[in-house]
Amino acid sequence: MIASAADKAVVFVLVMQVLRVRNMESRTESSLGPLFDSGPAGVPLTPIGTGLQEPTLKWGAASAAERGPVIATMRKGGHRNAIGTHAGGYSVYRALAIAAGALPRDHLADLTDTAPADRIGPHPQWADPSKIVSLDPWGHLVGHEFRDFLTRGYDIRPTIAVTRAHIDVPEIRAAIEAGRMRADGDIVSTLGNVRVMKAAIDPVWYLPGIAARFGVSEGKLRRDLHEQTAGMYPQLVEREDLKVFLPPIGGTTIYFFGDPDKLGDGKTPLACRVHDECNGSDVFGSDICTCRPYLAHGIEICIEMAQAGGIGVVIYNRKEGRALGEVTKFLVYNARKRQLAGDRPETYFKRTECVAGVPDMRFQELMPDVLHWLGITRIHRFASMSDMKYDALVRQGIQIDERVAIPDGMIPADARVEIEAKLAAGYFGGNIRSAPVGRALDE
């Protein structure tokens with residue numbers, strides 16, 4: 001039978017795809033360089049899948065060696081002891097890059113010179129499985145603590161990175177011009193740039209600890225996670241022996257002001273702002289909420305504390321729209337503004353609940369883990385009005401001496417509805433002047 005031109009074209013495409021895959025596999029295997037400049041004493045890497053077994057994982061162990069590495073994202077022939085993949089929601093982009101042929105499936109990270117710019121810990125909280133349940137306290141020390149595993153071919157990826165940088169916040173320059181802050185040439189340059197240490201943290205959940213923190217059974221937590229992700233992670237219900245889960249959610253960034261060596265010493269005064277992401281305000285300056293002004297005020301308080309010999313920490317969590325997402329947030333904005341009586345404090349939380357089912361889905365129960373990782377047991381100045389944040393920290397044994405509300409003069413006119421609603425709901429208000437509830441404050 002004589003094949004048609006279309007049939008020949010199909011065969012040609014299939015052959016080219018097979019050749020392309022084989023070429024990629026060959027290129028991948030040959031391009032796997034060493035993790036470091038050289039292995040220990042020149043020991044070569046063991047090929048993946050050669051006699052490797054799943055390392056044990058003992059959460060809350062006193063040392064990294066006893067705890068063991070977290071292995072989730074799988075390379076060809078690899079082994080895992082955790083559910084999920086690294087990099088949270090960005091793992092989907094990795095999958096797309098592999099599907100498009102832009103990223104070799106068996107790419108192995110070269111961790112040369114990626115060690116933390118400043119060493120964090122270990123602190124006593126790391127060895128308490130009830131204190132840290134939502135991140136891997138050893139996640140920034142993979143290249144050092146698990147070097148032997150790496151050189152034997154295990155695919156272990158950092159979940160925390162610590163670096164140094166300078167930040168440029170216009171509000172800080174304004175504070176200098178207003179005389180509230182000084183450019184000391186150390187923490188704050190003469191140009192108004194601020195020297196910081198910063199850390200990026202991807203979530204790593206210890207499922208028994210997460211369940212205990214929320215007061216539910218581990219079985220129920222696993223079933224609901226499985227069902228509400230449309231069965232994306234079947235190991236949640238099929239592998240009860242795997243106790244660690246890397247969820248597809250955003251992580252946390254820490255900005256640290258002052259001497260990192262003072263972290264966790266139990267005596268240096270500390271200022272802190274725990275801030276939940278608000279892209280519209282934080283980045284673009286939208287005036288319907290107080291997020292950017294409060295973030296800027298928190299940074300100012302942290303700098304003041306560092307310049308006085310203390311330390312300051314800003315913790316930035318990816319929980320857009322109270323963890324409801326930006327689409328839901330914008331829907332709520334429309335619903336608030338289109339009410340017959342206009343945007344009003346007494347309906348502020350109700351409009352969110354009508355759209356999302358709950359007024360707030362951030363559930364701050366996991367938030368204190370970052371402070372435990374830093375070894376913090378006491379906050380001298382806490383820049384927050386939120387009772388949810390305050391209560392979560394106190395429940396976890398972190399002492400708070402002073403709560404600092406946003407200054408009244410920093411509240412945008414259109415954000416008065418938000419502030420009045422929060423004050424009426426019992427949020428800490430400090431010296432904020434409150435108008436009578438029911439008045440249209442944004443008019």
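Thresholds applied
- Residues numbered from 1 in each chain as written.
- Predicted model: local features only at pLDDT ≥ 70, side-chain atom pairs only at ≥ 80, totals over all residues.
- Heavy atoms only, no water.
- Helix = DSSP H or I, 4+ residues; strand = E, 2+ residues; numbered from the N terminus.
- Buried < 20%, exposed > 50% of the residue type's maximum accessible area, 1.4 Å probe, protein only.
- Contact = heavy atoms within 4.5 Å.
- Areas by Shrake-Rupley, 256 points an atom, 1.4 Å probe, with all protein chains shown as cover.
- Arc of directions from axis to C-beta.
- Pairing = 2+ DSSP bridges.
- Core = buried A, V, L, I, M, F, W, Y, C linked by side-chain atoms within 4.5 Å.
- Phe/Tyr/Trp six-rings, centres within 6.5 Å; stacked < 30°, edge-to-face > 60°.
- Lys NZ or Arg CZ within 6 Å of the ring centre and 35° of its normal.
- Axes fitted to C-alpha atoms, helices over the stretch in contact; angles between N-to-C directions.
- Polar contact = N/O pair within 3.5 Å; in protein donor to acceptor, adjacent residues only side chain to side chain.

### So, the overall build of the protein chain
If you tally the helices and strands in the protein chain, you get 17 helices and 10 strands. Each of the 443 residues in the protein chain was classed as buried or not, and the buried ones make up 47%. Put simply, of all contacts in the protein chain between residues at least 6 apart along the chain, 72% involve residues at least 24 apart. For the protein chain, the accessible surface area stands at approximately 21,400 Å², while carbon and sulfur atoms represent 55% of it.

### Things to note about helix H14 (residues 348-356)
Burial in H14 covers these residues: Tyr-348, Phe-349 and Thr-352. One face of H14 carries all of its buried residues, which in axial projection span an arc of 85 degrees. Residues Lys-350 and Cys-354 are exposed on H14 and point more than 90 degrees away from its buried face. In this fold, the buried residues of H14 make contact with helix H12 (320-323), helix H13 (326-337) and helix H17 (416-424). Directly after H14, the chain includes Gly-357, whose backbone phi takes a positive value near 95 degrees.

### Some details on unusual backbone geometry
For the bond running from Gly-121 to Pro-122, omega is 0 degrees, close enough to zero to count as cis. As for its position among the elements, Pro-122 is in the loop between helix H3 (91-99) and helix H4 (142-145). Even without a glycine there, the phi angle at Asp-113 is positive, about 60 degrees. Among the secondary structure elements, Asp-113 is positioned in the loop between H3 and H4. Phi angles above zero are rare outside glycine, and Arg-322 is one such case at about 60 degrees. Relative to the helices and strands, Arg-322 resides in helix H12. Take Arg-322: its relative accessible area is 15%, and that puts it in the buried class.

### Examining the pairing of strand S8 (residues 311-317)
Of all seven residues in S8, seven are buried, a share of seventy percent or more. The alternating pattern of S8 places Ile-311, Val-313, Ile-315 and Asn-317 and Gly-312, Val-314 and Tyr-316 on opposite faces, both of which are buried. Here strand S6 (residues 252-257) pairs with S8 via six bridges, running antiparallel. Bridge pairing links Phe-257 to Gly-312 in S8. Where strand S7 (residues 270-276) meets S8, seven bridges bridge the pair, whose relative direction is parallel. Its bridge partner lying in S8, Cys-272 is registered against Val-313.

### Let's talk about the nonpolar core
Here is a general trend for soluble globular proteins: nonpolar side chains tend to be buried in one another's company. The biggest cluster of nonpolar side chains holds 40 residues, and the ones touching the most others in it are Leu-371, Trp-373, Leu-374 and Ile-379. Breaking this core down by element, the ones donating at least two residues are strand S2 (160-167), strand S3 (194-201), S6, S7, S8, helix H15 (369-373), strand S9 (378-382) and helix H16 (387-395). Sequence-distant contacts of Leu-371, that is, excluding residues within four places in its chain, are made with Cys-272, Ile-315, Ile-376, Ile-379, Leu-393 and Ile-398. Core analysis: the next-biggest nonpolar cluster, separate from the first, contains 35 residues, Val-188, Val-314, Tyr-348 and Val-404 among them.

### Concerning the packing of aromatic side chains
This structure, assessed with the given rule, holds 10 aromatic pairs. A network of ring pairs unites the aromatic residues Phe-146, Phe-149 and Tyr-154 as a single cluster. In this arrangement the basic side chain of Arg-273 is found over the ring face of Tyr-294, its NZ or CZ atom lying 4.1 Å from the centre. Over the ring of Tyr-390 we find Arg-403; its NZ or CZ atom is 4.2 Å from the centre of that ring.

### A few points about the sheet that holds strand S10 (residues 399-403)
Within the open sheet, the seven strands sit side by side as S2-S3-S6-S8-S7-S9-S10. Their pairing is mixed. With partners counted over all chains shown, the strands left at the sheet margins are S2 and S10, one partner each. Direction aside, the axes of adjacent strands within the sheet are offset by 25 degrees on average. Where S7 meets S9, two bridges bridge the pair, whose relative direction is parallel. Following the sheet pairing, Ala-271 is matched in S9 by Arg-381. Across the face of the sheet, helix H11 (residues 291-307) comes into contact with S3, S6, S7, S8 and S9 while running at roughly 160 degrees to S7.

### Quick notes on the side chain of Asn-81
Along the chain, Asn-81 turns up in the loop between helix H2 (64-67) and strand S1 (83-84). Classification of Asn-81 as buried rests on a relative accessible area of 6%. Here Pro-69 takes part through its backbone oxygen, which lies 2.8 Å from a polar atom of the side chain of Asn-81. Setting aside residues no more than four positions away along its own chain, Asn-81 makes contact with Pro-55, Thr-56, Leu-57, Pro-69, Val-70, Ile-71 and Leu-242.

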